[in-house]
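Architecture at a glance
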Amino acid sequence: MVAIATEIPTACRVMMYREALNEALREEMRRDPKVFLLGEGIAQRGGSYKVTEGLLEEFGPERVLDTPIAEASFTGAAVGAAMTGMRPVVEILFIDFALLAMDPIVNQAAKYHLMTGGVGRVPLVVRTQGGAGGCLAAQHSQSLEALFYHIPGLKLAMPSTPKDAKGLLKTAIRLDDPVIFIEHKSLYMSKGEVPEGEYLIEFGQAEVKRPGRDATVIAWSAMVPKCMSAAEKLSAEGIEVEVVDPRTLVPLDAERLIQSVRKTRRAIIVQEAVRRGGVASDIASIIQHEAFDYLDAPVEIIAGRVTPIPFTLTLEQACMPQEDDIVAAVKRTLGRE
Amino acid sequence: MANYSKDFLAQLYRTLYTIRAFEAQGVRLYRQGLIRGYFHPYTGQEAIATGVCAALADRDYVLSTHRGHGHCIARGADLQRMVAELLGRRTGYCRGLGGSMHIADLSKGNLGANGIVGANVPLGVGAALGAKLRGEDRVSVVFTSDGGANNGVFFEALNLAAVWSLPALIVIENNQYAVSTPIHEATRETDLYKRGIGLGVESRQINGNDVLEVYEHAREAVARCREGRGPVLLEAVTYRHGGHHVNDPGLYMPKDRIEYYRANDPVTIGRDYLADLGGATDEEIRSIEAAVERELENAVAFAKNSPVLSTGEFLALIEGY
Ligand SMILES: Cc1ncc(C[n+]2csc(CCOP(=O)(O)OP(=O)(O)O)c2C)c(N)n1
Ligand SMILES: [Mg+2]
C-alpha cells in the first residue's frame, strides 16, 4: 500500500458524509481499473443513500453493477472476483441484510489468506449501513459490528465524520484484506470539513475529536457526535472530557486509547450496539488490563438496551444511548452525581 | 365463467375496496407525520391478496411481505388494530413494536410481514411442514415478489417443499420492479413461474389484476395442496400504481405502463364483476364503499386515541432478552 502522508491538509471544504464517500469511490475508481462496485440499486438510482450517485455515468455499467436481491450470491461473487485480483466494493443496503451473506464474508473471505498459507488475498470492501433512529423497526436498525469484530481475518471501519469516511474508504479499497466498512444511516447528511486533494487515513489510528483532562469518552460512528454534544454540556459545568474515536475497530488503536485514559484516569465507552458481547466490553477489558493502576473509577459502558429495536418512536429512543446518559456516566466516574 | 353468488362477489369487492381505501388513508396519515419509517402501499395489487385469501380456510397460514397491508386485510384483520399498529400504538396488532413492515395477525393465521425480502419463503415452507407433521389439514401460503424470487432461499425452499410434497402455495406477486430495478435487469427469464417447473412444481402464470382469475387458480392450488399434491407456484403479474414506498415518486416507471395497468385496475375489475355478474346496483356498491369508509374512519379515530406502550410495559416485555 502506498502511504500518502496522512491528513493535516491545508485547504478544506465542507461536504456531506455521503458526498465524501462518493468522492472516495470516484477517486479510487479513477486510479485503479480493478476497483468496481456492486449492489442493489447503486447504478441507475445511485444507491438508497445516494453514495454512488453519478458513478454509473462516469464508469459505465461494467464497473457499477446493479444486482438482484441476492446478497449471498453477489457478495460471494465479489469474494471470488477479489481472489483473482479485482478490488470489488460491495454495497449491502442494510447491515441487517449482511446476515444473508455471512458465509462468503466469514467462512470464505476472512479465512482465505490463512487457508492458502498466506498466498491468497481477498481485497474486498463490504460497505454497509447500520444503526437505529429512523423508526425502521427491528430488521432495519441493528448495530452489528460485534459480529464482524469477532471474526479473525476481517478489518472493520466505522467512520463518524465526512473526513474520516473518505480517508478510510480510500484506504480500505487499497488494503489487501477484506474490510467491513460500516456507515451510519443518521450520518449521511451530516456535514464536516474534508481536505482538498488526495489523502488517506491509515487503519488503526484513533483520533482525539476533542481534547480534555477530566475523563476519556471513547465512541465511534454516530455515537461520536452525541458524545461531542454531551462534552459541550459538561464543559459548561467545568468538566472537560476527551472524546476519542478509534475510527477502525480492527485494527484497534489501543495504545492511543490507553494513553488518554492514563491521562484522565477515567474511561466511559459509548456504543449504540446492545451491551451484551459488544465491542465496548472488549475495550473495557483492554483498559482495565493496560491502565489498571491509573484508573480512579470503574470503566463505564453506555450501550444500547438488550432488545431488538422496537418500531415505536419513543421506545426506539429509549433503547439508544442518549446525551443525558453520557453526561451522567461521566459524572459518576468523577463522583459528581 | 363459473357461477358466483352476489354475496361472494360483494365480499371480494369489499376487500378490494378496503385495501385501496386503507392505503390511501395510510398515505394521508404518513404525510401528517403520524406514521413513520417505511410504508409500502399495496395499491395496484389488491386482487392478489383478495383472490388468494378468498380461497383459504380460517385455519390456513399466510406469510406476508414488506408490502403486507393487503394480505392482513384480506385475512380479515381488524382495521382498528391495523391502523393502531401503523401509528405505533399499544392497541396495535404488535403493540406498536412491529409497525408496517412487521405487522402480523396470528389469530388469523397471518404469521407476519417481513422486512427481509425472500426470507418468508422458507418460513412458509416450514409452516406447511409443521402442519403436515402434526397431521393437520392446513395450507401455508407464501406471498413473495419478483425480487424475492431472485433470492437464493426462494429456490432452496421451493425445492424442499417439492421434495417433501408440502401443502404450500407460493405466490409471486410480479409487479415487475424491485424498488427501481426493472425485472429484466434482475433476471433473464422474466416468466417467473418457470422457476417452479425446473423443480418439478406445478406452476402457472396468471393475471394478478383479475380477482376471479386469481381466486380460481388459488382454489385449485389449495385443493391440490389439501390432496397432498403440493406445492404449487403461482406467478401473479401486476404493477404498482406508484413508487416503491410513500417517499418514492417512481419517476422511473414509464407513464404508458402505469396507464395500461390503471386501465386494468383490480378494484375496478372487481366492481364490474359485482355489477355485471352479481347484478349489484350502483347504490348497493356505493353502500359497501360507504361502510368501508366509516369503518376506516373509526379505526383512525381509535388509533389516534390509543396510547403508546409505556416504557415500563416495554421493559417487562423484553425482560430476559
Ligand atoms: C434481503 C433484503 N435485501 C434488500 C432489501 C431492501 N429492499 C426492500 S424492498 C426491496 C425491493 C423489493 O422488490 P420486490 O421483492 O420485487 O417486492 P416489491 O417491493 O416489488 O413488492 C428491497 C431491495 C430487503 N428488505 N431485504
Ligand atoms: Mg417487485
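Along each chain, the written sequence defines residue order, and numbers are assigned to residues from 1. Each chain takes a letter, starting from A, and each ligand takes a number, starting from 1, following the order in which they are written. Predicted model: local features are reported for residues with pLDDT of at least 70 only, side-chain atom pairs are reported and counted for 80 or more only, and whole-chain, interface and lining totals are derived from all residues. Excluded from the side-chain calculations are hydrogens and water; all other atoms, namely the structure's heavy atoms, are used.

Details of the overall build of chain B
We count it as follows: By the criteria applied, helices consist of DSSP H or I runs no shorter than four residues and strands consist of E runs no shorter than two, each listed in order from the N terminus. Radius of gyration here uses only the C-alpha atoms, and the compact-globule reference equals 2.2 Å multiplied by the residue count raised to the power 0.38. In what follows, a contact means two residues having at least one pair of non-hydrogen atoms within 4.5 Å. Charge counting follows a simple rule: Lys and Arg are positive, Asp and Glu are negative, and His as well as the terminal groups are ignored. Charge placement uses NZ in Lys and CZ in Arg. For Asp and Glu, CG and CD serve respectively.
In terms of helices and strands, chain B carries 13 helices and 7 strands. Scaling as 2.2 N^0.38, a compact globule of 321 residues should have a C-alpha radius of gyration of about 20 Å, and chain B matches this with 19 Å. Over its C-alpha atoms, taken along the principal directions, chain B stretches across nearly 55 × 50 × 40 Å. Once local pairs closer than 6 in sequence are excluded, the contacts in chain B between residues at least 24 apart make up 73%. Treating the 33 positive side-chain charges of chain B as one cloud and the 38 negative ones as another, the clouds have centres 4 Å apart.

A look at the sheet that holds strand β4 (residues 87-92) of chain A
All names here are of chain A. The following threshold applies: Here, a strand pair is defined by DSSP locating no fewer than two bridges between the strands. Between N-to-C directions, angles span 0 to 180 degrees; the directions come from axes that are lines fitted to C-alpha atoms, helices contributing only their stretch in contact.
Pairing is mixed across the open sheet formed by 7 strands, whose spatial order is β3-β2-β4-β5-β7-β6-β12. This sheet does not close on itself; its edge strands, each paired only once, are β3 (64-66) and β12 (248-250). Averaged over neighbouring strand pairs, the angle between their axes works out to 20 degrees when direction is ignored. With 3 bridges joining them, strand β2 (residues 35-39) and β3 adopt parallel strand pairing. Residue pairing across strands places Gly 39 opposite Asp 66, the latter belonging to β3. Its contacts with the sheet put helix α7 (residues 162-174) on β2, β4, β5 (125-130), β7 (179-184) and β12, and the angle it makes with β7 is roughly 160 degrees.

Quick word on the packing of aromatic side chains
Note the cut-off: Aromatic contacts are taken between Phe, Tyr and Trp rings whose centres are within 6.5 Å, Trp giving its six-membered ring; a plane angle under 30 degrees counts as stacked, one over 60 as edge-to-face, and the others as tilted. Buried, partly exposed and exposed residues are distinguished by accessible area as a fraction of the type maximum, computed with a 1.4 Å probe on protein chains only: under 20%, between the cut-offs, and over 50%, respectively.
By the definition in use, this model includes 14 aromatic pairs over all chains. Between Phe94(A) and Phe97(A) the ring centres are 5.3 Å apart and the planes differ by 50 degrees, which places this aromatic pair in the tilted class. The pair Phe94(A) / Phe97(A) is uniform in exposure class, with both members buried. Arranged with centres 5.9 Å apart and planes meeting at 40 degrees, the rings of Tyr13(B) and Tyr17(B) form a pair that is tilted. On the criterion of helical spacing, the pair formed by Tyr13(B) and Tyr17(B) is a turn pair, its members being 4 residues apart in helix α1 (residues 6-31). Assessed through its relative accessible area of 1%, Tyr13(B) is described here as buried. Look at Tyr17(B) and you get buried, because its relative accessible area is 15%.

A look at the sheet that holds strand β9 (residues 207-210) of chain A
Residue and element names in this part refer to chain A. With mixed pairing, the 5 strands of this open sheet are ordered in space as β9-β11-β10-β13-β14. The sheet is open, and its two borders are formed by β9 and β14 (300-304), each paired with just one other strand. Averaged over all adjacent pairs, the angle separating strand axes in this sheet is 25 degrees, with direction ignored. Summarising the sheet, strand β10 (residues 215-219) and strand β13 (residues 267-274) pair through 4 bridges and their orientation is parallel. In the strand pairing of β13, Ala 219 is matched with Val 270. Seen against the sheet, helix α10 (residues 279-290) touches β10, β13 and β14 and runs at an angle of roughly 160 degrees to β13.

A few points about empty space enclosed by the protein
Residue and element names in this part refer to chain A. How we decide: For cavity detection a 1 Å grid was placed over the protein atoms alone, and a set of points counts as a cavity when a 1.4 Å probe fits there but cannot get out; an open set counts as a pocket when protein lies on both sides within 12 Å along at least five of seven lines, with lining residues being those that have an atom within 4 Å of a point. Grid points are joined across faces, edges and corners, and a volume is the space filled by probe spheres set on the points. Classification used: nonpolar for Ala, Val, Leu, Ile, Met, Phe, Trp, Tyr, Cys and Pro, charged for Asp, Glu, Lys and Arg, polar for all others including Gly. These domain boundaries are the output of an automatic or database domain assignment.
Taken as a whole, this structure holds 4 cavities of 30 Å³ or more when the rule is applied. Each pocket or cavity is described by its volume, and for the largest cavity that value is around 100 Å³. What lines the largest cavity is a set of 16 residues, and nearest its centre among them are Ser 143, Glu 145, Met 158, His 184 and Ser 221. At the level of elements, β7 and β13 are the ones that each hand at least two residues to the lining of the largest cavity. If you tally residues by element for the lining of the largest cavity, the top one is β7, at 3 residues. Here the residues of the lining of the largest cavity are counted per class, giving 6 nonpolar, 7 polar and 3 charged. In terms of domain composition, the lining of the largest cavity takes at least three residues from each of domain 1 (12-195) and domain 2 (207-334).

Overview of the pattern of salt bridges
All names here are of chain A. Quick note on the threshold: Salt bridge, as used here, is a side-chain nitrogen of Lys or Arg placed within 4 Å of a carboxyl oxygen of Asp or Glu.
Applying the stated criterion to the full structure yields 54 salt bridges over all chains. The partner of Glu 58 in a salt bridge is Arg 26, and the shortest N-O contact between them spans 2.7 Å. Taken as a pair, Glu 58 in helix α2 (residues 55-59) and Arg 26 in helix α1 (residues 17-31) lie far apart in primary sequence, 32 residues in all. You can call Glu 58 partly exposed: its relative accessible area is 33%. Two residues, Glu 207 and Arg 247, come together in a salt bridge whose shortest N-O distance is 3.7 Å. In this pair, Glu 207 is assigned in strand β9 and Arg 247 in the loop between β11 (241-245) and β12, connecting sequence segments 40 residues apart. Arg 247 matches Glu 207 in its accessibility class, with the two residues each being buried. Counted as one network, the salt bridges with shared partners bring together Arg 13, Glu 23, Glu 27, Glu 28, Arg 31, Lys 166, Lys 170, Arg 174, Glu 196 and Glu 198.

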